[in-house]
Amino acid sequence: MIEFTVNGVPAVTNAGPGTLLVTILREELRLTGTKIGCDDGRCGTCAVLVDGRVVRACRVSAGEVSGTSIVTIEGLGTPERLHPIQQAFIEAGAVHCGFCTPGAIMSAKALLDSDPQPSPGAIVRALGPQYCRCTGYRTLVEAVGRASALLRGEEVPPPAVPLQESWSERDMATGLALYAADVQAEGALHMKIVRSPHPHARVLGIDTREALAVPGVEAVFTAADVPVNKHGRVIADQPVLAADRVRMIGDPVAAVVAVADNVAADAAARVRVSYEALPAFATPSEALAPGAPVLHDGGNLLAHQVIERGDVASGLAAATIVAEGTFRTPFNEHAYLEPEAALARLDEDGRVVIHSASSHPHLLRMEVARALDLPERRVRIVPTCMGGHFGGRTDVSMQGILGLAALRLGRPVRCVYTREESFISTPKRHAFEIHGRAGADAEGRITGLELRMTADGGAYASAGPFIIVRAAVSGCGPYEIPNAWLGGPAVYTNNTLAGAMRGFGAPQSTFALESLVDELAVRLGMHPVELRLRNALGPGGQLPTGSCVGEEVGIRETLEAIRPHYDEAVRRARESWRAHDDVGGGDGAIRRGVGVASMWYGIGTTTGETPSHADAALSPSGHVTVLVGVTDAGQGSDYLLRRVAADTLDIDVDQVDLVRGDTDLTRDTGSCTGSRVCFYVGNAVRLASAGLLDAILRAASHEMGVEPETLDLRDGHVIDRAAELCGMSLRTLAERLEASGVRLCEHGVYDPQTTRLDPATGIGRPYATYASATHMAEVDVNMRTGHVRVRRVVAAHDVGKVLNPAGAQGQVEGAVVMGIGFALKEEYVPGVTRGFADYRIPTAHDIPEIETIFIERRDPHGPFGAKGLGECALIPSAPAILNAIAHAAGVRLRELPATPARVRAALAAARGRR
C-alpha cells in the first residue's frame, strides 16, 4: 500500500511500487486531465507537480512518490472558478486542441511559484520540454506572462475573445475535457492490435492458440471474423484486418481483446503469424517499372492528373531566362499530441456506439457500418475532443475492429494506440518529387511553367486519388501564367500509408514553384516582391483550370503589406554582413538571409464537395442551439460557428449553444478539412440562423398581435420598430412556445457550384473560393555547421473577414512553426521513424518573432465575408525559409528538410564549383 496526497486529498493505491504514476492518476483516481502523449516522457502532456516540482508522470513510479504531495490540473481551478493561470491561457488564445494545455499549465504553475515575474527567456526555458503542435508556442509564452501579471494583481489588456464567450476552452484548461482515451465504461475490455513487421509479405497463417490460452483473454479476431473486410476514404482498398497479404509495416493482422491492457499486450505478443516476404517497392519509380508486381487489383498507378493551359513549350522557349530544378519533399508525420484511441459499446437497442475523435463523424459511421455489414442507422459515432488533427483523423484507424469486438462480445471495448503505433500505422503527408521549369521575359513576366510531379501514395489510397489535383491546382500559385503544364501520377508503394495533411499537396508544389520564382527574380536582378506583383492574379484573372477569380482576391495586398518588412529585413541583413570580417562566409560566419514566398489555396475538400447542413433551434431557456455534424480540431471553429449564429440573430455569443458531430443528433456537414468549416459550414449556420430569425419574428408577431414586418430581434429581445418598445425577450417567447408545445427549428444548407477537374484536360471549378498569403522569413545560417535559425516571420494573409481574432492569430502562428519543422527538421522514414526520439518537431526554443497581418478583403459569398485559414497558413512558410537560406548562403536547396548536413553539403558543393 502506497500513500500520498493528490490535490490536497489523501490517496492510497494497492498498485505495485513500479506502477507508473500516470496510470494511477488516470485509471484509479480518474484524473484524466493528466494526458499520455508519447510513452517516453518527451512531450510533457503528463506533467504534474510533486512537492512543487514538475514531474513527468509517465516516467515516475508509485514507489517514487510515496509520501509526497501531488497536484494535477484538476487541483488548480474549475470552469466556474478558474485559476489565474488557466484564465490567462484562455484569454491569451493559448488553448487550441487543448491536449497539451494541462501539462503546459502545470509547468507554468511551477515556474510562477518560484519566480513570480519571470523573463520571456525564463518562460521559454520552462516551456521548452512541453510539446505543442497547434499554437506555435508564442501564445503560450504570452499566457504565462499574462498569468504572472494577474497573480500580481496588475491590469492586463482585454482579450480578443471575452472570457465568458469561451466555451470548450474552460473544460480544456481545467482538465475536464474528455478525449477518446479518457472515456470510460463499466466492465470495458481492452484491445491490442498485432501488426506486420514487413513492408510487403504474404500471410501464410495466424496461430492464435497461445494467445487465447493467456488468462483474461476474451477473443482474438482475424480477417475471417470481419463481415466486409475493406474500408477507405475514396477507394475501399484497405483491409480492416489483413487477410492474405500485408502491404506496409504496421498493417493490422489480428486484434486481441482482454480484461486489461497489459494482458492484451502480453497475448498480442503471443499471436504467431507466418509470413512469406515479397519484393517491396520503396519508390514510385520501382512500382511503375515494367513487369513490377501489382500491389492492388487496379495496378500500381493510384491516380493521374494533368492541368494544361496554353503551350508550355512555346512559353518556355519565349523566355529570356529559365530556372530549372528537381525538388523533393519527404513523408511527414502529423505528430498531433493525442495518440489515436476509441471506445466501442452497444446501446440499449443493440446499436454499435463508438466514442472517438474524428474530423468527419458521418464518414466514420459509413466506414464502420460497411465493415460490420450493418445499416448506418445501427451505428452511432459520438465524437470526443480532438487532440490535434491536421488531416490525420479523417481516416479510420481501429474503429472498425473495435465495433466488431463490441458487437461480438456484447461488452464495451477500448483501444489506445502507443506513440509507436500512431507513427507506423496512420497516414502521413505524401512524399513528392517534382521536376520544375519556369521561364520569364526581361520584364519579369512568367511566360511558362512546367511542374512534373510524382506523389508517393504509400500502401493504400486514403485521399491519394486527389493529391495531384490539389498540388496541380496550387502549382501556378497566385499568379496568372499563360502557359502551364502541371501534374503527374500518384503511385502505390509499400511505404507508409499517405493521406491528408495540412495543405494536402499545396505545400509540396508551392515549395517548387516559389523556389523557381525566386530564382527568376535573382537572375533578372529584380525585387522578388515586384516580380510576384507583376504576375499576381487580380479580379477577373484566369486560373489554369479555366475558371476566373472574382473581386475577393487579395494577393496583391499581401505582397504590398510584406514589401516594407522585406526591404527593412534586407537592409538589416546587409548591415550584419558588413559587420563581420569574413563577409564572404568563412568558417564560423553567421550569415543573415531574407526570403519571401506566396501561396494560393482553394477552400474546401478536393475529393468533391457535398452540401453542408446545419440546424438552428430555439431552446426553452431562450438560448439558440446550433447543430452541425462537423467537429472542432483546435482551430476555434466552435467559437466561430457560435459567433456566426449570434451575429445573424443579434444575440450574445454566450446565448448560443452548440451540438456538433454526434451522428444521432446532427446532419452530415462534411469534414473539418480543407479550411472549409468557416466558409461551408459557417454559411450553412448563417442560413439556418436566418431561417430561425424569420420563424422567431413570425411567432413573436402572433404572441404580440403585430405584423412580423414591424419586428426586429435586437440584443436578444424582439423589438416592435413601430412602437420602439421591447416586445419580449427570447426567453419569454421560448417559454410561451414551449407551453403551447411548439419548438422552432430551421435547417440551412450551403452548396456552391463546384465541379471536379476533367481528368483529360484539367478544366473545372474544384473550389468555390480561394485564400492567398505572402510570408517573409529572416534566417541566420551558420556557414560552418549548416545550422539554420529562423529569426523572424511576417505573415500577410488574405482570409476575408476575421470572425475569430484569437483563433486566426493562433492558426497562423502554429502554421508558421509547423512550417519551420517542414523546412528544417521533419522527415518521416518508413521502417525507421517510430516516435519523437526519431521525429523532432519544433519546440518553444525554436520560435521566431512572428508578426501577422490580416488583409480583410471580404468574400461576397462567405459568412459575413469570411473565407478560411487553417491549412492555408502553413503553405508559404517553408519556401520563404528556403529562399532566405539561398539569400544568406548563396546556395539553393531543393530537398526538404534543409538539415545541417544538407546545408553543409550544398555549401561544400558550391565551394567545389568555385
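Residues numbered from 1 in each chain as written. Predicted model: local features only at pLDDT ≥ 70, side-chain atom pairs only at ≥ 80, totals over all residues. Heavy atoms only, no water.

(A) A look at the overall build of the chain. For the chain, the count of helices and strands is 23 helices and 31 strands. Rg of the C-alpha trace for the chain: 28 Å, near the compact-globule value of 29 Å for 914 residues, within the 12% margin. Based on the C-alpha atoms only, the size of the chain along its principal axes is roughly 85 × 75 × 60 Å. Put simply, the chain has 914 residues, and 65% of those count as buried. A total of about 31,200 Å² of accessible surface is found on the chain, and carbon and sulfur atoms cover 49% of it. Measuring between centres, the 89 positive side-chain charges of the chain sit 5 Å from its 106 negative side-chain charges. (Helix = DSSP H or I, 4+ residues; strand = E, 2+ residues; numbered from the N terminus. Rg over C-alpha atoms; globule rule 2.2 N^0.38 Å. Buried < 20%, exposed > 50% of the residue type's maximum accessible area, 1.4 Å probe, protein only. Areas by Shrake-Rupley, 256 points an atom, 1.4 Å probe, with all protein chains shown as cover. Lys, Arg positive; Asp, Glu negative; His and termini not counted. Charge placed at Lys NZ, Arg CZ, Asp CG, Glu CD.)

(B) Structural detail: the packing of helix H15 (residues 506-524) against helix H22 (residues 877-889). Where H15 contacts H22, the two axes come as close as 9 Å, and the packing angle between them is 35 degrees. Crossing of H15 over H22 shows right-handed handedness. In this structure, H15 contributes Thr510, Phe511, Glu514, Ser515 and Asp518 to the contact, and H22 contributes Pro879, Leu882 and Asn883. When its residues are assigned to classes, the contact of H15 with H22 shows three nonpolar, three polar and two charged. (Axes fitted to C-alpha atoms, helices over the stretch in contact; angles between N-to-C directions. Left-handed = near helix turned anticlockwise from the far one by under 90°. Contact = heavy atoms within 4.5 Å. Nonpolar A, V, L, I, M, F, W, Y, C, P; charged D, E, K, R; others polar.)

(C) Expanded view of unusual backbone geometry. Residue Pro897 is reached from Leu896 by a cis peptide bond, and omega for that bond is -5 degrees. Residue placement: Pro897 occurs in the loop between H22 and helix H23 (900-913). Of note, the phi angle at Asp373 is positive, near 55 degrees, even though the residue is not glycine. With respect to the secondary-structure elements, Asp373 resides in the loop between helix H11 (361-372) and strand E16 (379-383). Classification of Asp373 as exposed rests on a relative accessible area of 57%. The phi dihedral of Phe864 is positive, around 55 degrees, even though this residue is not glycine. Position of Phe864 relative to the elements: it lies in the loop between strand E31 (849-855) and H22.

(D) Structural view of a negative patch on the surface. A surface patch of like charges, here negative, comprises Asp650, Asp652, Asp654 and Asp715. Within the secondary structure, Asp654 sits in the loop between helix H18 (637-649) and strand E24 (656-660). Accessibility expressed as a relative area gives 33% for Asp654, which makes it partly exposed. (Patch = residues over 30% accessible without salt bridge, like charges linked within 9 Å, V, L, I, M, F, W, Y side chains within 5 Å. Salt bridge = Lys/Arg side-chain N within 4 Å of Asp/Glu carboxyl O.)

(E) Focus on the sheet that holds strand E8 (residues 217-221). What the seven strands build is an open sheet, ordered E8-E10-E6-E17-E14-E15-E16; its pairing is mixed. For this open sheet the edge positions go to E8 and E16, each flanked by a neighbour on one side alone. Averaged over all pairs of adjacent strands, the angle between their axes in this sheet comes to 20 degrees, without regard to strand direction. Judged from the four bridges that link them, E8 and strand E10 (residues 252-258) form a sheet pairing that is antiparallel. When the bridges of E10 are listed, Val220 appears paired with Val256. Across the sheet, helix H8 (residues 261-268) touches strand E6 (189-195), E8 and E10, and the angle it forms with E6 is around 25 degrees. Across the sheet, helix H12 (residues 399-409) is in contact with E6, E8, E10, strand E14 (341-346), strand E15 (352-356) and strand E17 (413-416); its angle to E14 comes to roughly 30 degrees. (Pairing = 2+ DSSP bridges.)

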